[in-house]
Amino acid sequence: MPSLGADMEAGTLVEWLIKAGDPVKRGDIVAVVETQKGAIEIETFETGTVERILVEIGAKVPVGTPLAIIQTQRGKEGVAPPPPAAKPPPPLKAPAAGPPPVAAKNGRVARGARISPAARRLAEQHGIDILTITGTGADNTILLNDVERRIAELKAQAPRAPGFDLAAMREAIAAAMARSKREIPHYYLAHEIEMSACEDWLTRRNAERPPEERLLLGALLVKAVALAAQKFPAFNGFYHDGKFEAASSVHIGTAIAIRGGGLIAPAIHDADRLSLDDLMMKMRELVERVRAGRIRGSEIADPTITVSSLGERGVETLYGIIYLPQVAIVGFGKVATRPWVEGGTVLARPIVNATLAADHRVSDGHAGALFLTEIGKLLQEPETL
Amino acid sequence: MLHKAAQVAVTETTYREAIREAIRDALKRDERVFLMGEDVGRYGGCYAVTKGLLAEFGPKRIRDTPLSESGFTGAGIGAAIGGMRPIVEVMTVNFSLLALDQILNSAATIRHMSGNQFGVPLVIRMATGAGRQLAAQHSHSLEGWYAHIPGIKVLAPATIEDARGMLWTALEDPDPVLIFEHIMLYNMTGTLSPDAGPVNIDKAVVRQEGRDISLITYGGSLWKTLEAAASLATEGIEAEVVDLRTLRPLDDATIMASLRKTHRAVIIDEGWRAGSLAAEICTRIVEQAFWDLDAPIGRVCSEEVPIPYPRHLEEAAIPQASKIVAAAKALLKRA
Amino acid sequence: MSTVDIRAVVQEELGNIAPEMDVGAIDPSADLREALDIDSMDFLNFVTAIHRRLGVDVPEIDYPKLATLDGAVAYLETRLP
């Protein structure tokens, strides 16, 4: 198996063009190998007779593995075509005068294709095989706008299919919510939290950052709940077989709405220990993967408590239903400017209603109230989150 | 970089006058400041920058020196260590070679060698560049050499505003600052707000925004680059022109932001190509913005020859707007 | 960059956020968040995409100017050379 690229580790043999007994001479194409760069024909460097094929069609073998034995005049030699480096190096030429890449076969460009770094990166970001793109630069170089054109073409062709089966998801949600309501004695608490500290802090911080680094209020809410859950283990864990087991870590299930209907609450692991920037990045990444239908099993199973927020286009208060086998769910309504009494006077302040729905087999209202008020306190000092 | 909203009328001035005004302003603000160099006093400066200053400030503040760059640069270093704020004027960068040991081995290095006991708050101004048919020995652009040296700052004011504003900021710097004034800029006319003051000396500036290609340059080449950008615009190519302003330290952030936007760059540097400042910038772009590149990086530098004396050969040897246009179009495959 | 190009980029990125909606059919003066049912995370992703595609950093204080398709295009035009 020859090395067909500096980063090639293995190749798959897809076709033999010779069989035992065939005569071959130097330069004959003897097989076709599939690599990350496409289907590539390989030639023999020996002249002689094929004695034996060593590797079956379909086998993926590391670079350097003997593929066949060719009997030459000089005697038996187990030879795999040597890597191209064994050829005498071509005379040094200025890069512009180098040989143009081999014309596309099967719609794919062979090795030697020139690709600009920006084009390569964009193709990678969009999951496009760069070698399927025709380059329009000098020497057929694949440029940024060649990739951009392909992206536009793909978008025009493919209707977007959701990654999740929404009907099946609806059924699963129905079953889970029904069971939760049947089995868990929910109790509900609500608490108004004044959010001007958070809003001011966010505004100041985001003003200095490009969009990629900005935080959303949701990240502050998740962090506050995570930190509070550390202190109140009765709300962070699982209820199984008549027994509550507090979890040693805090994995916040973040409820994410799926476009077209559907709801999923995958875990942000160890949310209490993540910085706000990391937390925000995880949230963004989760939302992206949810939209693409790529959520991992562990993310569904791991949440130790869930946070659900309807965002600024929702309503004042959200009463949640606990996701079995968790024992609590914290809900946030939208932040709205309302009258708020401070120092004996009525002021207009941004207020959010936070609710706790909790399992009465594990905790009671007193602990729940402390838990909720702790969240409220943490949100008064966003810089410590 | 923005002028204050004009409550005060702008004045018409020249690059030369702006520098003179900067020197006058510095001499008036701080009594530790003085200027010394060859022919700066009675003659008024080889390029007439200091004309009239001797009469205004006297021989203690404007000092004519003997013809000895090494000697008077050394004296300037000593004065700076001793608590003064000297401006040493070396007539041109060509003659600074005679003071290279002082600049590199004393000025740039004394803070380090003295364990931070002594600094050298010295400003050295030098004329630089080609274009006046001063031939092989008197047409160098060695800013790139100086930008190689740790311990100093290297500035290249290309606009009247920078000519006026960089000097004071340089004088406030506790370490040596070299200011390079391109000889072809002295006569340049333009406007300046009468209350124009100090400017920063650590940031590059985008003089003209564009989306298709970044043209990165400094000093005398800025105006040729802007001319090239105008020419490219008539062909539908939007060039972004970046004026480096400071060659050491280089403002990587501004350069890379431009590359992220345009994905292509040509660097215009009047030094010779080999081992040039342009080469350093190329490397930094490859290090920091490789994945943003959609074309190789181009350079327009002086040809690898001693700068010729005959006018037409001198013009052919140094960067010109036409060469910049050609380089840009080659990258965009429209040669 | 022409108005047509800016509009195309904006519509493309809105399409990325709300893939099942026909972005071309939106009333250009309608509130985008309502019309496309997008939340603050979607909006931030949109702003980030605009930054990446057009090099324009939209500060939070300017978010209201991106409320409609027309508004967004007009705003971005002023920010681009």
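Residues numbered from 1 in each chain as written. Chains lettered and ligands numbered in written order. Predicted model: local features only at pLDDT ≥ 70, side-chain atom pairs only at ≥ 80, totals over all residues. Heavy atoms only, no water.

Within chain C one finds four helices and zero strands. When the elements of chain C are put in sequence order from the N terminus, they spell out α-α-α-α. Looking at chain C as a whole, 43% of its 81 residues qualify as buried. Look at the contacts in chain C between residues 6 or more apart in sequence, and 52% of them connect residues 24 or more apart. Carbon and sulfur atoms provide 54% of the accessible area of chain C, an area that totals close to 3600 Å². (Helix = DSSP H or I, 4+ residues; strand = E, 2+ residues; numbered from the N terminus. Buried < 20%, exposed > 50% of the residue type's maximum accessible area, 1.4 Å probe, protein only. Contact = heavy atoms within 4.5 Å. Areas by Shrake-Rupley, 256 points an atom, 1.4 Å probe, with all protein chains shown as cover.)

All names here are of chain B. Reading across the sheet, the five strands line up as β9-β11-β10-β13-β14 and stay open at both edges, with mixed pairing between neighbours. What marks the edges here is a single partner per strand, and that holds for β9 (205–208) and β14 (298–302). Geometrically, the sheet is characterised by an average inter-axis angle of 25 degrees between neighbouring strands, direction not taken into account. Pairing of strand β10 (residues 213–217) with strand β11 (residues 239–243), which is carried by five bridges, proceeds in the parallel orientation. Its bridge partner being in β11, L215 is matched across the sheet by V241. Of the strands in this sheet, β10, β13 (265–272) and β14 touch helix α13 (residues 321–331), which is tilted by about 145 degrees from β13. (Pairing = 2+ DSSP bridges. Axes fitted to C-alpha atoms, helices over the stretch in contact; angles between N-to-C directions.)

All names here are of chain B. Among the secondary structure elements, S214 is positioned in strand β10. Its relative accessible area of 0% is what places S214 among the buried residues. Ignoring anything within four residues of it in the chain, the contact list for S214 reads E240, S258, L259, T262, R264, A265 and V266.

This part takes up the interface of chain C and chain A. Contact residues are listed per partner, giving 27 residues for chain C and 20 residues for chain A. Approximately 2000 Å² of surface area, both sides summed, lies buried where chain C meets chain A, with 44% of it carried by carbon and sulfur atoms. Summed over the three residues of chain C that lose the most area to chain A, namely M41, L44 and E60 of chain C, the buried surface amounts to 29% of that side. In this structure, the connection of chain C to chain A is made through one salt bridge. Between D57 of chain C and R214 of chain A there is a salt bridge; the shortest N-O distance is 2.8 Å. One can count seven residue pairs in polar contact (both at pLDDT 80 or more) joining chain C with chain A. For the side of chain C that touches chain A, the secondary-structure elements that each account for two or more residues are α1 (3–17), α2 (32–36) and α3 (40–54) of chain C. (Buried area = accessible area lost by both parts, 1.4 Å probe. Salt bridge = Lys/Arg side-chain N within 4 Å of Asp/Glu carboxyl O. Polar contact = N/O pair within 3.5 Å; in protein donor to acceptor, adjacent residues only side chain to side chain.)

Residue and element names in this part refer to chain B. With mixed pairing, seven strands are arranged side by side in an open sheet as β3-β2-β4-β5-β7-β6-β12. Taken across any chain shown, the strands that pair with only one partner, and hence form the sheet edges, are β3 (62–64) and β12 (246–248). If you compare each strand with its neighbour and ignore which way they point, the axes differ by 20 degrees on average. Bridge analysis of strand β2 (residues 33–37) against strand β4 (residues 85–92) gives five bridges, and the strand direction is parallel. Residue pairing across strands places L35 opposite I87, the latter belonging to β4. Contacts from helix α1 (residues 15–29) reach β2, β3, β4, β5 (123–128) and β7 (177–182) within the one sheet, and its direction differs from that of β7 by about 150 degrees.

A separate point is the nonpolar core. The nonpolar side chains of soluble globular proteins are, as a tendency, buried together. If you look at the biggest cluster of nonpolar residues, it comprises 83 residues, and the most contacted ones within it are F235, F371, I375 and L379 of chain A. Top contributing element to this core by residue count: helix α5 (residues 217–231) of chain A, with 10 residues. V120, Y146, L247 and C282 of chain B belong to the second-largest nonpolar core, a separate cluster that totals 48 residues. (Core = buried A, V, L, I, M, F, W, Y, C linked by side-chain atoms within 4.5 Å.)

As a further point, take helix α4 (residues 69–79) of chain C. Residue and element names in this part refer to chain C. For α4, every residue scored as buried is listed here: L69, A72, V73, Y75 and L76. Along the axis of α4, the buried residues cluster in a sector spanning 165 degrees; they form a single face. Lining the buried residues of α4 we find α1, α2 and α3. (Arc of directions from axis to C-beta.)

Residues and elements named next belong to chain C. Structurally, the position occupied by R79 is in helix α4. Among the residues examined, R79 registers a relative accessible area of 34% and is labelled partly exposed. Leaving out residues up to four positions away in the same chain, R79 has contacts with V56, D57, V58, P59 and D62. Separated by 3.1 Å, the side chain of R79 and the backbone oxygen of D57 make a polar contact.

Below, the discussion takes up unusual backbone geometry. Note that the residue after L324 of chain A, namely P325 of chain A, is joined by a cis bond; omega there is -5 degrees. With respect to the secondary-structure elements, P325 of chain A resides in the loop between β16 (305–309) and β17 (328–332). Following R248 of chain B, the chain continues to P249 of chain B via a peptide bond in cis, the omega torsion being 0 degrees. You can see P249 of chain B is positioned in the loop between β12 and α10 (252–262). Unlike most non-glycine residues, H263 of chain B shows phi in positive territory, near 70 degrees.

All names here are of chain B. Contact geometry of α10 with helix α11 (residues 277–289) gives a least axis separation of 10 Å together with a crossing angle of 65 degrees. It follows from the interaxial angle that α10 and α11 lie roughly perpendicular. Between α10 and α11 lies a crossing whose hand is right-handed. Where α10 abuts α11, its residues D252, I255, M256 and L259 lie against I281, R284, I285, Q288 and A289. Taken together, the residues of the contact of α10 with α11 break down into six nonpolar, one polar and two charged. (Parallel < 35°, antiparallel > 145°, perpendicular 65-115°, else oblique. Left-handed = near helix turned anticlockwise from the far one by under 90°. Nonpolar A, V, L, I, M, F, W, Y, C, P; charged D, E, K, R; others polar.)

Turning to the confidence of the model for chain B, a few remarks are in order. Confidence along chain B averages 95 in pLDDT terms, with 97% of residues attaining 70 or more. Every residue in residues 1–6 of chain B scores below 50 in pLDDT, and together they form seven contacts with partners more than four places removed in sequence or on other chains. (pLDDT = per-residue confidence, 0-100.)

Turning our attention to the side chain of T128 of chain B. As for its position among the elements, T128 of chain B is in strand β5. With residues up to four places along the chain from it excluded, the contact list for T128 of chain B reads V93, H140, S141, L142, E143, F180, E181, H182 and I183 of chain B.

This part takes up the pattern of salt bridges. Using the criterion set out here, one finds 42 salt bridges over all chains in the structure. The partner of R273 of chain A in a salt bridge is D270 of chain A, with the nearest N and O atoms 3.5 Å apart. Using a relative accessible area of 65% as the deciding quantity, one classes R273 of chain A as exposed. Of the residues examined, D270 of chain A reaches a relative accessible area of 24% and is grouped as partly exposed. A single network of salt bridges, built from pairs that share partners, joins D162, R207, D243 and R245 of chain B.

Counted by the stated rule, this structure contains nine aromatic pairs over all chains. Between the aromatic rings of Y47 of chain B and Y186 of chain B, the centroid separation amounts to 5.0 Å while the plane-to-plane angle is 25 degrees, which identifies the pairing as stacked. Of this pair, Y47 of chain B sits in the loop between β2 and α2 (53–57) while Y186 of chain B sits in the loop between β7 and β8 (189–192), placing them 139 residues apart in sequence. Residue classification places Y186 of chain B among the buried residues on the basis of a relative accessible area of 3%. An aromatic cluster of three or more residues is present, and its members are F232, F235 and F371 of chain A. The positively charged end of R29 of chain B is found above the aromatic ring belonging to W168 of chain B, 4.7 Å away from the centroid. For the cation-ring pair, R33 of chain C lies above F43 of chain C, with the distance from its terminal atom to the ring centre recorded as 4.2 Å. (Phe/Tyr/Trp six-rings, centres within 6.5 Å; stacked < 30°, edge-to-face > 60°. Lys NZ or Arg CZ within 6 Å of the ring centre and 35° of its normal.)

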